[in-house]
Amino acid sequence: MSAVTWALSRAGVWLSSSPSLLVSPLWPASRVAIAALLRFGPKIAPGIWIGTMASDLMAGDPLPFLILGPIGNTLEALVAWKLLTQSWPINQRFEQARDVLRFLAAGVIIPPLISATFGITGLTIGGVLQEETFPRSLALYWAANASSILMLTPALMIIFSSKIIDAKRIPIIHLTILSAAISVGFSCESILEIQHWPLAYLPLPIVVWIAFSRGVEAATIANLFVSLSSTLFTIFNTGPFATQNTLNSLTLLIIHNIITTATALLLAAVRAELINS
């Protein structure tokens, strides 16, 4: 677990190095950590701490962050495990709307507050951030963490609970239409030279259609496809969400990913609940 966390943390550092974004909108290490704890239990928590610490040491972060950052990331995963397995237990295949709502509260909203608070406190004490920017930086890091948990963790939870996600659950025609919608929606800026074009949300109704017609696994694949595409477009400073203002850029991306992912996951769970009732 330490090696996996270290490798994914390094990937997150690379993603956060884009000039268009202040923090990483996709931090895979913590998202894998949450899913792994839900599958294997808290016995792997020390590996999360060791891997995160090793990555932070390589990044040359200030000492306060070296101490607080790994603790925050480990506690984030442990709190998510505690809430989702004991306080508000869920079916990890999201077969009821209740499962999705509990995951949103206990997995997406609460745990990232812990890692964001520890991380921003460490950066502030270390002199990287100014005290007056603490509330805004905390909100920014929390939102980025919450968005990436919602984007990645459900897919990993389904993989860990069923061993495999069947990509054939989405017909080729659906994937083709979704790919075309993504291409149009996120290429419109370079073609039409217009930012914040509403066509960025063109994939949303197609994802909803896939979720309600094909189920949770198909919705998970579609969500990953759209969210990763929008995130990579923005990281490489292109597409409708890449602006000169870093905060605006990240905010637009997070709102898009949360709306798309939460809507599709909830509708897919409602579909599964209706079928099983």
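Relevant structure appears above.
Reference entry: report on the structure contained in this document. (Residues numbered from 1 in each chain as written. Predicted model: local features only at pLDDT ≥ 70, side-chain atom pairs only at ≥ 80, totals over all residues. Heavy atoms only, no water.)

**Notes on the pattern of salt bridges**
Summed over the entire model, instances satisfying the criterion amount to 2 salt bridges. Glu95 is the salt-bridge partner of Arg93, the closest N and O atoms lying 3.9 Å from each other. The closest approach of N and O atoms between Arg93 and Glu217, which form a salt bridge, is 2.8 Å. With Arg93 in the loop between α4 (63–87) and α5 (97–125) and Glu217 in helix α9 (residues 216–235), this residue pair connects regions lying 124 residues apart in the sequence. For Glu217, a relative accessible area of 8% puts it in the buried group. Among the charged side chains, a network of salt bridges with common partners joins Arg93, Glu95 and Glu217. (Salt bridge = Lys/Arg side-chain N within 4 Å of Asp/Glu carboxyl O. Helix = DSSP H or I, 4+ residues; strand = E, 2+ residues; numbered from the N terminus. Buried < 20%, exposed > 50% of the residue type's maximum accessible area, 1.4 Å probe, protein only.)

**Points about empty space enclosed by the protein**
In this structure the tally under the stated criterion is 1 cavity of 30 Å³ or more. Taken as a whole, the largest cavity encloses approximately 30 Å³ of empty space. Leu150, Met151, Pro154, Ala155, Thr220, Asn223, Thr261 and Leu265 together form the lining of the largest cavity. Elements represented by at least two residues in the lining of the largest cavity include exactly α6 (134–162), α9 and α10 (246–276). Per-element accounting of the lining of the largest cavity gives the leading share, 4 residues, to α6. (1 Å grid on protein atoms, 1.4 Å probe; cavity = no way out; pocket = protein on both sides within 12 Å on 5 of 7 lines; lining within 4 Å. Points joined across faces, edges and corners; volume = space filled by probe spheres on them.)

**Let's talk about the side chain of Thr260**
Tracing the sequence through the fold places Thr260 in helix α10. Contact partners of Thr260, with chain neighbours within four places excluded, come to Leu204, Val207, Asn223 and Val226. (Contact = heavy atoms within 4.5 Å.)

**Thoughts on the nonpolar core**
Formed by 46 residues in total, the largest nonpolar core has its most connected members in Phe94, Phe103, Met157, Leu178 and Ile210. Of all the secondary-structure elements, those providing two or more residues to this core are α2 (28–40), α4, α5, α6, α7 (172–192), α8 (203–214), α9 and α10. When near neighbours in sequence (up to four residues on either side) are disregarded, Ile210 contacts Ile170, His174, Leu178, Gly215, Ala218, Ala219 and Ala222. Phe65, Leu123, Leu129 and Leu138 belong to the second largest nonpolar core, which has 6 residues in total. (Core = buried A, V, L, I, M, F, W, Y, C linked by side-chain atoms within 4.5 Å.)

**Some words on a nonpolar patch on the surface**
The grouping of Trp88, Ile109 and Ile110 at the surface amounts to a nonpolar patch, some 250 Å² of accessible area in total. Taking the relative accessible area as the measure of exposure, Ile109 reaches 43% and is therefore partly exposed. (Patch = residues over 30% accessible without salt bridge, like charges linked within 9 Å, V, L, I, M, F, W, Y side chains within 5 Å. Areas by Shrake-Rupley, 256 points an atom, 1.4 Å probe, with all protein chains shown as cover.)

**Comments concerning unusual backbone geometry**
At Phe94, a residue that is not glycine, the phi angle is positive and equals roughly 55 degrees. Within the fold, Phe94 resides in the loop between α4 and α5. By relative accessible area, Phe94 is classed as buried at 0%.

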